[in-house]
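Spelled out from the first residue to the last, the chains are:
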Amino acid sequence: MPDDWQHALEVAERAALEAGALIMEGFRLSARVSRKGRFDLVTEFDLASERLIRERIEAAFPEHRIVGEEGEATGEGEMVWYIDPIDGTVNFAHGHPYFGISIGLYREAEGLVGVVHAPALGNTWKAAKGAGAFRDGHRCVVSERSTLDEALCTTGFPGNVANTRDTNEAELALFLRHARGVRRCGSAALDLALVGDGTFDVYWERALKPWDICAGALIVSEAGGTLSSYDGSPADPRSGALVATNGVLHESVLKLIREARRKIPG
Ligand code: IPD
Ligand code: CA
Ligand code: CA
């Protein structure tokens, strides 16, 4: 691994762990919560976590651009850090432990470094390009399950679900009938990390932001999984729609998504 990426990975992991400790100070306590949209929340801990992570990255890489969910983008250039200071804010605000900090470094569509840290679960996933994926320091790989009958799938719904016809209900209905199980856990970053370590076999979702999925997507690809957009074209985690699988199941999953999407009212 080039030294730069090793260093970037260390900076990202340290920042994620520090931010994790910070947000745990507010977990299951009365964090101040505001609404960004009808269902979309932000807490004082999202803001504090993003501030901390930005400071750590800016100090180590002042020449890089930083794009975070809760603040203005800063810096210029082709090296871009995507930060989600709490992915799964609704869970965090309700005291549900499935949330994480997601930090990814990309050059255009190329993932270089990704860290997903879930402080309430006590797990950290990380990956750097060409160096594999790790959960809590141990190498992880995607599952080998080869049929949908055996597959545990995970997905999420668009933030504007109340105002769109493209709600993911058609896809969900079909997967419920074809797969062993389907979950909606509430953090895209963790969903992807758990595809990377073989817990989940399949993930699909659209209307995502780059900070939701950049880190997790690199973890999946470094763990040997397959990523694409819904139509099977190469994945660009900055583009909004993503299918991530253990590879073996990818074609069957794309076929099911295609079939489901034919039923979406026009
Ligand atoms: C959300 C979570 C959720 C996904 C949404 C995201 P947030 O991020 O990742 O799983 O379904 O699309 O917006 O708002 O908790 O950072
Ligand atoms: Ca998010
Ligand atoms: Ca967030």
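Notes on the structure in this doc start here. (Residues numbered from 1 in each chain as written. Chains lettered and ligands numbered in written order. Predicted model: local features only at pLDDT ≥ 70, side-chain atom pairs only at ≥ 80, totals over all residues. Heavy atoms only, no water.)

Quick word on the site of ligand 1
Near ligand 1, the surroundings consist of 15 residues, among which Asp87, Gly88, Thr89, Ala188 and Glu205 are the closest. Within the backbone of Gly88, an N or O atom sits 2.7 Å from an oxygen atom of ligand 1. Between ligand 1 and the protein, one listed contact pairs an oxygen atom with a side-chain N or O atom of Glu205 at 2.5 Å. Across the complex, the protein chains shield 84% of the 380 Å² of accessible surface that ligand 1 would expose by itself. Its atoms largely coinciding with the cavity grid, ligand 1 occupies the largest pocket. Its residues placed into classes, the shell around ligand 1 shows three nonpolar, five polar and seven charged. (Near = heavy atom within 4 Å. Polar contact = N/O pair within 3.5 Å; in protein donor to acceptor, adjacent residues only side chain to side chain. Areas by Shrake-Rupley, 256 points an atom, 1.4 Å probe, with all protein chains shown as cover. 1 Å grid on protein atoms, 1.4 Å probe; cavity = no way out; pocket = protein on both sides within 12 Å on 5 of 7 lines; lining within 4 Å. Sits in = over half its atoms within 2 Å of the grid points. Nonpolar A, V, L, I, M, F, W, Y, C, P; charged D, E, K, R; others polar.)

So, the layout of surface pockets
The computed volume of the largest pocket comes to approximately 930 Å³. Looking at the largest pocket, it is lined by 36 residues, and the ones nearest its centre are Asp40, Phe157, Pro158, Gly159 and Arg184. A per-class count over the lining of the largest pocket returns 13 nonpolar, 11 polar and 12 charged. Mapping the lining of the largest pocket onto the domain boundaries places at least three of its residues in each of domain 1 (3–139) and domain 2 (148–261). One number sums up the size of the second largest pocket: a volume of about 170 Å³. (Points joined across faces, edges and corners; volume = space filled by probe spheres on them. Domains from an automatic or database assignment.)

Some details on the sheet that holds strand β12 (residues 202–205)
Spatial strand order, β11-β10-β12-β14-β13: five strands in an open sheet with mixed pairing. The outermost strands of the open sheet, each flanked by one partner alone, are β11 (181–183) and β13 (226–228). The mean angle between the axes of side-by-side strands here comes to 15°, regardless of whether they run parallel or antiparallel. With three bridges joining them, strand β10 (residues 152–155) and β12 adopt parallel strand pairing. Within β12, the position partnered with Thr154 by the bridge is Tyr203. Across the face of the sheet, helix α4 (residues 169–178) comes into contact with β10, β11 and β12 while running at roughly 165° to β12. Across the sheet, helix α7 (residues 250–261) touches β12, β13 and β14 (242–245), and the angle it forms with β14 is around 145°. (Pairing = 2+ DSSP bridges. Helix = DSSP H or I, 4+ residues; strand = E, 2+ residues; numbered from the N terminus. Axes fitted to C-alpha atoms, helices over the stretch in contact; angles between N-to-C directions. Contact = heavy atoms within 4.5 Å.)

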